[in-house]
Amino acid sequence: MMGALLVLNAGSSSLKFAVYPIAEDTLTPFVRGKFAGIGTAPAFSARRRDGETLTWDQVPPLAKNTGHDALIPALLDWLKAQLGDLPIVAAGHRVVHGGRFHDGPARVTDALLAELDALVPLAPLHQPHNLAAIRCVATAAPDLPQVACFDTSFHRSQSPLAQMFALPRHLTEEGILRYGFHGLSYDYIAGILPRHLGERADGRVIVAHLGNGASMCAMKNRRSVATSMGFTALDGLVMGQRCGTLDPGVVLYLMQEKGMSAAEISTLLYERSGLLGVSGISNDMATLEACNTPRAEEAIALFCYRAAGELAQLAASIDGLDTIVFTAGIGENSASIRARICDRLLWMGVKLDAAANAKNALRISALWSEIEVLVIPTDEEAIIAHSSRVLTTDRCDENTAFPDKAKP
Ligand code: ADP
């Protein structure tokens, strides 16, 4: 079958896209790109598979008020011009929340969209943008099959115990559960792990997805056993702007004693906390690492302290640990953050090779480390392409080989 598959990952201020050939076994995109800074200072960047950079010369030009609804149809036109005779035959989307019943990707229907709309309160920062992108594509290309790939699905393999809060049972039955997120990233890493570890990939592995949003996942047999994020993407690690695990008593105090509304607390916890809140400077780890002030240093120290603690807790869920994988922006690029987290895990037998770590090498553990430590770039778009191809074409994907993502 000839044709191309469009992958969209729509965030609040960014729109990432990639276009994959249907006919090839390797999932290497023809073109991959991003609109960043939507709503403030939109910027376009894109690259063809031969490395050539591409520019945005379309209508509308990028202006402060150019939103997703204008960009998506324009992007479809731009891609048509890039692809020539090759038609886009399906679109796959990242959708943050799939609820408790979707343990894999799903074809988009009106009924599915209504079901996913109801989950907006559980992922208010991401879900509306994900669903708006699906609706924009449906308006621009009504006959194009679309697939929703959920960040929660990978974690549906977890035991009921791992998904449960210690709340009255009727609330658990209503769906107040630990859903977990970043599942597309974990699914990608689980898919590529045997290439690097052979049979050891099926052992006890913790993947640390450390980006602006950050979480960890403990896996056995490359399936999720436990994860640090819970009911919403607020839980677990310290993040760029999100607080991570917080005593719920703090929320009660803010309401009862400081008179804060739910909306104010939501903004505080989702947008003003984490690295930004502690440092008072930035949510961006690279910026904090460069700035050398006591508050930036304290924010970084808290991030690493909490990451090491979460990792040790997750190891208990899989009866110990064989391998740690670092991924996402911080995990892939910051040798000093990896070193600071791993130094706290020396007691578990984690020992880094400083030179390999400094180079962001694939294997960064010392030869005598009891626990192997890897750095593997994640590729959420590749796993969306893979799933969307399976659901929309007659291709059997047994032979598909995930490519190692090219380092920028
Ligand atoms: P998102 O969750 O938005 O996809 P990313 O995975 O792109 O985030 O990660 C963004 C984070 O990675 C930012 O905090 C950024 O500063 C950090 N980062 C990227 N490169 C480096 C680097 N070389 N050193 C330290 N932090 C880095």
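Preceding this section is the structure that the text describes.
The model shown is predicted, which means the values in this text are computed figures rather than measured ones. Once a new chain begins, its residue numbering starts again from 1 and follows that chain's sequence as written. Only residues with pLDDT of at least 70 are given local features in this predicted model, and only at 80 or more are side-chain atom pairs given and counted; all residues enter the totals for whole chains, interfaces and linings. Think of the side-chain values as coming from all heavy atoms in the structure, minus any hydrogens and water.

Attention now goes to helix α11 (residues 294-317). Helix and strand labels come from DSSP, where a helix needs a run of H or I of at least four residues and a strand needs a run of E of at least two; each type is numbered from the N terminus. Any helix carries an expected span of 1.5 Å times its number of residues minus one. With 24 residues, α11 should reach 34 Å at 1.5 Å per residue; the first-to-last C-alpha distance of 35 Å fits that figure. The buried label goes to any residue with under 20% of its type's maximum accessible area, the exposed label to any with over 50%, and the partly exposed label to all in between, with areas taken from a 1.4 Å probe on protein chains only. Listed as buried for α11 are A296, A299, I300, F303, C304, A307, A308, E310, L311, L314 and A315. In the segment just after α11, D319 is the residue with positive phi, at about 60 degrees.

Here, nonpolar core refers to any group of buried Ala, Val, Leu, Ile, Met, Phe, Trp, Tyr and Cys residues whose side-chain atoms link them within 4.5 Å. Grouped together as the largest cluster of nonpolar side chains are 58 residues, with contacts concentrated most on I206, L210, F303, L321, I324, F326 and I341. No other element matches α11, which puts 10 residues into this core. In this structure, V89, F154, I189 and M219 belong to the second largest nonpolar core, which totals 31 residues.

Attention now goes to the pattern of salt bridges. Criterion for a salt bridge: a side-chain nitrogen of Lys or Arg within 4 Å of a carboxyl oxygen of Asp or Glu. Per the stated rule, a full pass over the model turns up 14 salt bridges. For the salt bridge of R94 with D151, the shortest nitrogen-to-oxygen distance reads 2.6 Å. Of this pair, R94 sits in strand β6 (residues 88-95) while D151 sits in the loop between β8 (146-150) and α4 (160-163); the two residues are 57 residues apart in sequence, bridging distant segments of the chain. Of the two residues, R94 and D151, neither departs from the other in class, the shared state being buried. In this structure, R200 engages E372 in a salt bridge whose closest nitrogen and oxygen atoms are separated by 3.0 Å. Highlighted residues: R200 in the loop between α6 (183-197) and β9 (205-210) and E372 in strand β13 (residues 372-375), separated in sequence by 172 residues.

Quick look at the side chain of T323 now. Position of T323 among the secondary structure elements: in strand β12 (residues 323-327). Note on contacts: a residue pair qualifies if any of its non-hydrogen atoms lie within 4.5 Å across the two residues. In contact with T323, other than residues within four places in its own chain, are L197, R204, V205, I206, I371, E372 and L374.

Attention now moves to the pairing of β9. Counted residue by residue, β9 has 6 buried out of 6 residues, so it is predominantly covered. Taking every second residue as pointing to the same face, both faces of β9 are buried, with V205, V207 and H209 on one and I206, A208 and L210 on the other. The pairing of β9 with strand β10 (residues 214-220) spans 6 bridges and is classified as antiparallel. Residue pairing in the sheet places V207 in a bridge with C217 of β10. Strands are treated as partners if at least two bridges between them are detected by DSSP. In sequence, β9 turns back onto β10 through a hairpin of 3 residues. The sheet contact formed by β9 and β12 spans 5 bridges and is parallel. Among the inter-strand pairings, A208 is bridged to a residue of β12, identified as F326.

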